[in-house]
Amino acid sequence: MPRPLFATIHPDSMQHNLSQARTCAPMAKIWAVVKADAYGHGLERAMHGFATADGLALIELENAIRLRELGWIKPILLLEGFFEAADVPLLAEHNIVTAVHSVEQIKLLEYTQLYRPIDIYLKMNTGMNRLGLRPEDYAAAYKRLRAIPDVRNITHMTHFANADELEHPLLTIAEQVRRFQIGAGDLPGERSLSNSGGVLHQAMISEHLQNDWVRPGIMLYGGTPGGRSASDFGLRPTMTLRSEIIGIQHIERGDTVGYGSRFVADGPMTIGVVACGYADGYPRSAPHGTPVIVDGVRTGLIGRVSMDMMTVDLSLVPNARIGSKVTLWGDGLPIDDVAHAAATIGYEFMYAVAPRVHTTGQIVSEDRN
């Protein structure tokens, strides 16, 4: 029998969350973001779960090509674009849309001859200060791209830094949109501004946005970028991580638990040992009290997470036994709740699930055309 630790993927929840994104941004087409192996869910599962998306967006060129090999014929977008001249012909060969965020990329396009044109997402830096051209340099970059014979359509793109906090004291969505409008002006082409946060708050900020395409990521997997819980937006978990109790210890007042003896019992208690540790992708930094569910009862982590195991409080689960079912996140336990307790975000839990964890989940048959 395999070790009792399983990540179950829920394609029906992927479909549901995609529908929620359409409800939030009904006038926009949707890039379903599937970077980092679809946030740890598996690229092929996500391709089927998001079959009704208008396109798939990711970072890795090799996985974009794999999507074509798997049969995806709708648009594909490389969110970071290409990295060297040898990548550019592959974009044309596989009909892949690419972001362009620097003058260096424009130069490579100017000196590369393609056998058919490609589409571009020109990225503006409106305050995130990662990738993108500054607003004052944007129109000139657009003009250079427009002069390249092998460039077809150009879409204007930026990325929100604080879409989960509409009135951020340092940089609001409204300010980023203002900068975007200054840079893009009346340049022709579609616009793509909103990530998950922007999509979820579309109703509150719609007066600021012209979104022809949106780019939801974490919301499609049942998480949020921060602030309100995913369930508040009608989102469902797309991954459930489950294990079992493999050991039980009865300890007394003053006994300690785990490496570093960080937990000290203040009275008699029963603890359960769970088959999951940081080598499985669960963060070692998760503190005492991080929620888990044992036999349907919400309880908490105690002591330090070790490489292959963790310990949980069974005080509220008196009938727990060897083999009792444990939910670490997902169905019945929102991943945002676990991530908040561990002072991180749901993204980190999803894509950190280790290869040794058994992953299950039906690949649904959907029309991808």
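Starting afresh in each chain, residues are numbered from 1 along the sequence in its written order. Local features in this predicted model are restricted to residues of pLDDT 70 or higher, and side-chain atom pairs are both shown and tallied only at a pLDDT of 80 or more, whereas totals for entire chains, interfaces and linings draw on every residue. As a rule here, side-chain values cover all heavy atoms of the structure and leave hydrogens and water aside.

A. Spotlight on the environment of G226. The helix count covers DSSP runs of H or I at least four residues long, the strand count covers runs of E at least two residues long, and both are numbered beginning at the N terminus. Positionally, G226 belongs in the loop between β9 (213-214) and β10 (239-251). Residues G226 and L122, spaced 104 residues apart in sequence, show a C-alpha to C-alpha distance of 27 Å.

B. Representation of the pattern of salt bridges in the model. The term salt bridge refers to a side-chain nitrogen of Lys or Arg lying within 4 Å of a carboxyl oxygen of Asp or Glu. Counted according to the given criterion, the structure contains 13 salt bridges. Residue E175 is joined to R178 by a salt bridge in which the shortest nitrogen-to-oxygen separation is 2.8 Å. In this pair, E175 and R178 are both assigned in helix α8 (residues 173-184), 3 residues apart and thus about one turn of the helix distant. Burial classification: accessible surface area is computed with a 1.4 Å probe over protein chains only, and a residue below 20% of its type maximum counts as buried, one above 50% as exposed, and the rest as partly exposed. With relative accessibility at 21%, the residue E175 sits in the partly exposed group. Look at the salt bridges and you will find they share partners, linking R3, D280, D308 and R356 into a network.

C. Geometry of the packing of helix α7 (residues 135-146) against α8. Fitted lines through C-alpha atoms serve as axes, helices being fitted only where they are in contact, and the angles separating the N-to-C directions of these axes extend from 0 to 180 degrees. Relative to each other, α7 and α8 sit at 35°, their axes nearing to 7 Å. The interaxial crossing formed by α7 with α8 has right-handed handedness. For the pair α7 and α8, contact is made by P135, Y138 and A139 and by R179, G183 and A184, respectively. In this classification, Asp, Glu, Lys and Arg are treated as charged, Ala, Val, Leu, Ile, Met, Phe, Trp, Tyr, Cys and Pro as nonpolar, and every other residue, Gly included, as polar. Considering only residue class, the contact of α7 with α8 consists of 4 nonpolar, 1 polar and 1 charged. When the near helix sits turned anticlockwise from the far one by under a right angle, the crossing is termed left-handed; a clockwise turn instead gives a right-handed crossing. Only heavy atoms matter for contacts: two residues are in contact if any of them lie within 4.5 Å across the pair.

D. Here's a closer look at the side chain of N125. Structurally, the position occupied by N125 is in the loop between β6 (118-123) and α7. A residue is classified by how much of its surface remains accessible, and N125, at 9% relative accessible area, is buried. Two N or O atoms count as a polar contact when they lie within 3.5 Å, although within protein this holds only if one can serve as hydrogen donor and the other as acceptor, and sequence-adjacent residues are included solely when both atoms are side-chain atoms. Of note is the side chain of N125, whose polar atom sits 3.5 Å from the backbone nitrogen of M128. Within the structure, N125 has its side chain in polar contact with the side chain of N129 (distance 2.8 Å).

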